[in-house]
Amino acid sequence: MTSNPFFEPSELPYELPPFARIRHEHFRPAFERGMAEQQAEVAAIGAGSGPATFENTVEALERSGAVLRRVRRVFDNKASSDTDAAFQELEAEIVPRLAAHDDALLLDPALFARLDDLFLRRAQLGLDDEQLRVLERHHTLRVRAGARLTPEEQQRLRELNAEIASRCIEFQQNLRAATAEAALVLDRAEELAGLPEDEIAAAAENARARGHDGRYVLSLKNFSSQSELAALHDPALRERLLAASLGRGAADNGPIAVAVAALRAERAALLGHPSHAAWVVADGTAGTTEAVEEMLLGLVAPAVANAEREGAALAEAAGADEIRAADWQYYSERIRKERFDVDASALRPYLELEKVLRDGVFHAAGLVYGITFTERPDLVGHHPDARIFEVYEADGSPLGLYIGDFHARPSKRGGAWMDALVPQSRLLGHKPVVLNNLNIAKPPEGEPVLLTWDEVTTLFHEFGHALHGLFSDVRYPLLSGTQVPRDFVEFPSQVNEMWADRPEVLAHYARHHETGEPMPPELPARLREAENFGIGFRNVEHLAAALLDWAWHTLPADGELPDADGAEAFEAAALERYGIALPAIPPRYRTGYFAHVFGGGYAAGYYGYRWAEVLDADTVRWFRENGKTVRESGEIFRRELLGRGGSVDPMAAFRAVVGRDPDIGPLLARHGLATG
């Protein structure tokens, strides 16, 4: 297939993948060639006749796999954002083969011997800081992957990795099907009483797109507590919606979760660690499982106390002895209206997607970093919904491309995320092409896209990941952009959320989509005050998910593992053991739909959101109190942290910005958990 678009570098700006030319039949041949070429390149590196040098080993390895790199990134994005049955069949075939390919590279004895030789002589090689860092990372990754194991142990490791990869793909595909199947199909608009008119219209459009003309469909978001629960007047419908959310995936994915946890525990033991969590954390900023547990468990008691106070107020408002899980958000919204004069639905007319994107997210990036954006309708994305923007530096020089794919559709998985289609690398001459995916309901043609405040925050958050990729200024692909420890990667994105309600940013984008009138000036302050009511719920649901992930992945290989059908019992026992089993507040993710950890890369790493939030809250305080202008502070944050990717120790980057080690005080204050 000489015309296969993956075989040669794209001729489009920034080597944007040529999506208009890519077809399903191109993927398998590109993977075949890409894996074969990289295997040959790695074999040649390992078989080098002369002594190992940084250039003939590390840099050669960094240059290898060009075809595979191109096809893999497009493939991964398509699997998440625009899949179908044929593609899922291909995915089930290819992902285990990719796992085997990765193992072959990581465990190649000749290559590791050369890297090990360089690592032992690294002090005498005259390397600069980034060269030393990339050598150390290549060496560390291989040691952690089992390069020092015996051949027999490595064979078992390969089997485990292939099985885990297959099971995780099965989990994701089951979840996509279960989420679609669990959507509520309703016959009459009256059943949706309480929802804003535009959301009802979006439910009708959702039904039409799914073949239910004349009806209304509420599709599930990827987390437990669905946003519609705050507005729907019908308590029975609220109960149905929450039950559909909590129950999806349990039958099919519970056994998979048990199997994956057992396989990961066995792999960790093989690699010399007491649990999968211990193996993960050893390569993070936390360092030890004890440090993670101290942080998580230290937050539980005050979070539960806050939530119980909230629950008592909600029960009183509901005229009940206790509040039900399905009613929590509904009565929270009632109290916010009464106490703080804030109606979440009344905010939405001021939060139109185009204004939020251009006059909020992009405007904030201009204020802080000086960059500008120009839409490129001449460039084709991976889906008709995808919009492409060229990004420019303050001096007008080109920086990269930003792609926004904001709308939900049946072919896209739930949630929101960032991908790098072309990671920045000076070695390869690549400027960045980064992509944000969200899942905002699409209204009927011609109607405005009005956002909830949570969706606004999500857009700012994901754009923070995008900035991490766009601002990357490193030589080596392994260190590019978000290639940082899992418990650090959420830090820059959480920092970027601060701009959503900064007065100079909010006033610029929060305008009524019909009249152009600004959001009433007193509303943001009331909104912030109202957000404090409900913080107990948010803390508990997030901590419960983090501790559930932790419970699954601190299981030792030689300990007692749950039965195949014991996932729900294990989950209940774990939450009870950690003191966070509140019937009215389900975990943000239950096991059957916890795709972060059983279908993605966050296994034993979901704690990272809270771990990174310590850094985030402290950095937000630094931005506000350091005495510099926003623009000056932005340049420091970009130069010392965002631009460095994985080329420096992440905590050294934090200290280079803030000037000291992190302080947990701002996080405790943010969540109402401060004592004294």
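Relevant structure appears above.
Bear in mind that the values here come from a model prediction, so they are computed numbers and not experimental data. Residues take numbers from 1 onward in each chain, read along the sequence in its written order. Reporting of local features is limited, given that this is a predicted model, to residues whose pLDDT is at least 70; pairs of side-chain atoms are given and counted only at 80 or more, and all residues count toward the totals for whole chains, interfaces and linings. Hydrogens are left out, water is left out, and the side-chain values use all remaining heavy atoms of the structure.

This part covers the overall build of the chain. Working definition: helices are DSSP H or I runs of at least four residues, strands are E runs of at least two. Numbering for both runs from the N terminus. A count of helical and extended segments in the chain gives 26 helices and seven strands. Computation of the radius of gyration draws on C-alpha atoms alone. For the globule rule, the value is 2.2 Å times the number of residues to the power 0.38. The globule rule puts the C-alpha radius of gyration for 676 residues at 26 Å, and the 25 Å found for the chain is close to it. Taken over the C-alpha atoms alone, the chain extends approximately 80 × 60 × 55 Å along its principal axes. The buried share among the 676 residues of the chain stands at 57%. Whether two residues are in contact is decided by their heavy atoms: any pair within 4.5 Å suffices. A separation threshold of at least 6 residues defines the contact pool for the chain, and within that pool the share at least 24 residues apart is 75%. For the accessible areas, the method is Shrake-Rupley and the probe is 1.4 Å, while residue cover comes only from the protein chains on display. Accessible area of the chain: about 27100 Å², with a carbon and sulfur share of 51%. Only protein chains enter the accessibility calculation, which uses a 1.4 Å probe; a residue is then buried when its area is under 20% of its type maximum, exposed when over 50%, and partly exposed in between.

So, about the packing of aromatic side chains. In this analysis, rings of Phe, Tyr and Trp, with Trp reduced to its six-membered ring, are considered paired at centre separations within 6.5 Å, and the interplanar angle assigns stacked below 30 degrees, edge-to-face beyond 60, and tilted for intermediate values. What the rule picks out here adds up to 33 aromatic pairs. With centroids separated by 6.3 Å and ring planes inclined at 35°, the aromatic side chains of Phe-389 and Tyr-402 adopt a geometry described as tilted. With Phe-389 in strand S4 (residues 387-392) and Tyr-402 in strand S5 (residues 398-407), the pair connects residues that are 13 residues apart, well separated along the chain. This pair shows no difference in class: Phe-389 is buried, exactly as Tyr-402 is. Each ring, one from Trp-552 and one from Phe-570, has its centre 4.1 Å from the other, and the planes form 35°; the classification is tilted. Here the residue Trp-552 occupies a position in helix H20 (residues 535-553), and Phe-570 occupies one in helix H21 (residues 567-577), the gap between them amounting to 18 residues. Given the relative accessible area of 1%, Trp-552 is considered buried.

This next bit is on helix H15 (residues 353-369). Across the chain, bend at a residue is computed as the angle between axes fitted to the seven residues ending at that point and the seven starting from it. Remark: the principal bend of H15, roughly 30°, maps to His-363. Buried within H15 are the following residues: Leu-353, Val-356, Leu-357, Asp-359, Gly-360, Val-361, Phe-362, Ala-364, Ala-365, Val-368 and Tyr-369.

Inter-axis angles, ranging from 0 to 180 degrees, are taken between N-to-C directions of lines fitted to C-alpha atoms, where helices are fitted over the stretch in contact. At a closest axis distance of 9 Å, the pairing of helix H23 (residues 608-625) and helix H24 (residues 630-640) adopts a crossing angle of 140°. Taken together, the axes of H23 and H24 lie oblique to each other. Residues Thr-619, Trp-622 and Phe-623 of H23 touch H24, and the partners they reach there are Val-630, Ser-633, Gly-634, Ile-636 and Phe-637. What sets the label is the angle itself: under 35 degrees gives roughly parallel, over 145 gives roughly antiparallel, 65 to 115 gives roughly perpendicular, and the rest give oblique.

Among the eight residues that make up strand S7 (residues 433-440), seven are buried, leaving the element largely enclosed by the rest of the structure. Direction of pairing for S5 relative to S7: parallel, over a ladder of six bridges. If you follow His-407 over to S7, its bridge partner there is Ile-440. Only strands joined by at least two bridges in the DSSP assignment are considered to pair. By the bridge criterion, five bridges tie strand S6 (residues 417-422) to S7 in an arrangement that is antiparallel. From the neighbouring strand, Val-422 faces S7, where its bridge partner is Val-433.

Now for the sheet that holds strand S3 (residues 372-375). Spatially, five strands are ordered S3-S4-S5-S7-S6 in an open sheet, and the strand pairing comes out mixed. Looking at strand neighbours, the two that pair on one side only are S3 and S6, the edges of this open sheet. For this sheet the average axis-to-axis angle between neighbouring strands, irrespective of direction, equals 30°. One ladder, built from six bridges, connects S4 with S5; its direction is antiparallel. Within S5, the residue paired with Glu-390 across the bridge is Leu-401. Across the sheet, helix H16 (residues 453-470) touches S3, S4, S5, S6 and S7, and the angle it forms with S7 is around 165°.

This brings us to the nonpolar core. We define the nonpolar core as a collection of buried residues of types Ala, Val, Leu, Ile, Met, Phe, Trp, Tyr and Cys that are connected through side-chain atoms lying within 4.5 Å of one another. Within the largest apolar cluster, 160 residues are counted, with the highest numbers of intra-cluster contacts made by Leu-192, Leu-351, Tyr-402, Phe-460, Tyr-509 and Ile-580. Sorting elements by how many residues they give to this core places H20 first, with 11 residues. Discounting residues that sit within four places of it in the chain, Tyr-402 has contacts with Phe-362, Arg-387, Ile-388, Phe-389, Val-391, Val-434, Asn-436, Leu-459, Phe-463 and Ala-466.

The span one expects for a helix is its residue count, reduced by one, times 1.5 Å. For helix H3 (residues 66-81), with 16 residues, the first-to-last C-alpha span of 23 Å sits near the 22 Å given by 1.5 Å per residue. Of all the positions in H3, only Val-67, Leu-68, Val-71, Val-74, Phe-75, Asn-77, Ala-79, Ser-80 and Ser-81 are classed as buried. If you follow the buried residues of H3, they end up packed against helix H1 (24-46), helix H4 (85-106), helix H7 (151-181), S5, S6 and S7.

What follows covers unusual backbone geometry. In the Ramachandran plot, Glu-15 falls in the positive-phi region, its phi being about 55° despite a non-glycine side chain. Mapping Glu-15 onto the fold places it in the segment before H1. Given the relative accessible area of 26%, Glu-15 is considered partly exposed. Residue Ala-604 is not a glycine yet carries a positive backbone phi of 60°. Within the element layout of this structure, Ala-604 appears in the loop between helix H22 (595-598) and H23. When its relative accessible area of 0% is taken as the criterion, Ala-604 is described as buried.

Note on definitions: salt bridges are taken to be side-chain nitrogens of Lys or Arg within 4 Å of carboxyl oxygens of Asp or Glu. In this structure the tally under the stated criterion is 54 salt bridges. We note a salt bridge from Lys-442 to Asp-385, for which the minimum N-O separation is 2.7 Å. Taken together, the residues Lys-442 in the loop between S7 and H16 and Asp-385 in the loop between S3 and S4 connect sequence positions 57 residues apart. Taking the relative accessible area as the measure of exposure, Lys-442 reaches 35% and is therefore partly exposed. The salt bridge involving Arg-660 is made with Asp-618; its shortest N-O contact spans 2.6 Å. Of this pair, Arg-660 sits in the loop between helix H25 (650-658) and helix H26 (665-670) while Asp-618 sits in helix H23, placing them 42 residues apart in sequence.

Once that is clear, we can look at the environment of Trp-550. Tracing the chain through its elements places Trp-550 in helix H20. With 53 residues separating them along the chain, Trp-550 and Ala-603 place their C-alpha atoms 8.3 Å apart.

It is worth spelling out the side chain of His-101 at this point. Assignment of secondary structure puts His-101 in helix H4. Here His-101 is in contact with Met-35, Gln-38, Gln-39 and Leu-68, once residues within four sequence places are set aside.

A word on the packing of helix H17 (residues 486-496) against H23. Taken N-terminus to C-terminus, the directions of H17 and H23 make an angle of 40°; their axes are 7 Å apart at the nearest point. Compared by their axis directions, H17 and H23 come out oblique. Judged by the twist between their axes, the crossing of H17 over H23 is right-handed. For the pair H17 and H23, the contacting residues are Asp-487, Phe-488, Glu-490, Phe-491, Gln-494 and Val-495 in the first and Gly-608, Tyr-609, Trp-611, Ala-612, Glu-613, Leu-615, Asp-616, Thr-619 and Phe-623 in the second. In the scheme used here, Gly and all other residues not listed as nonpolar or charged are polar, with Ala, Val, Leu, Ile, Met, Phe, Trp, Tyr, Cys and Pro taken as nonpolar and Asp, Glu, Lys and Arg as charged. Looking at side-chain class alone, the contact of H17 with H23 contains eight nonpolar, three polar and four charged residues. For any helix crossing, the convention is left-handed if the near helix is rotated counterclockwise from the far helix by under a right angle, and right-handed if that rotation is clockwise.

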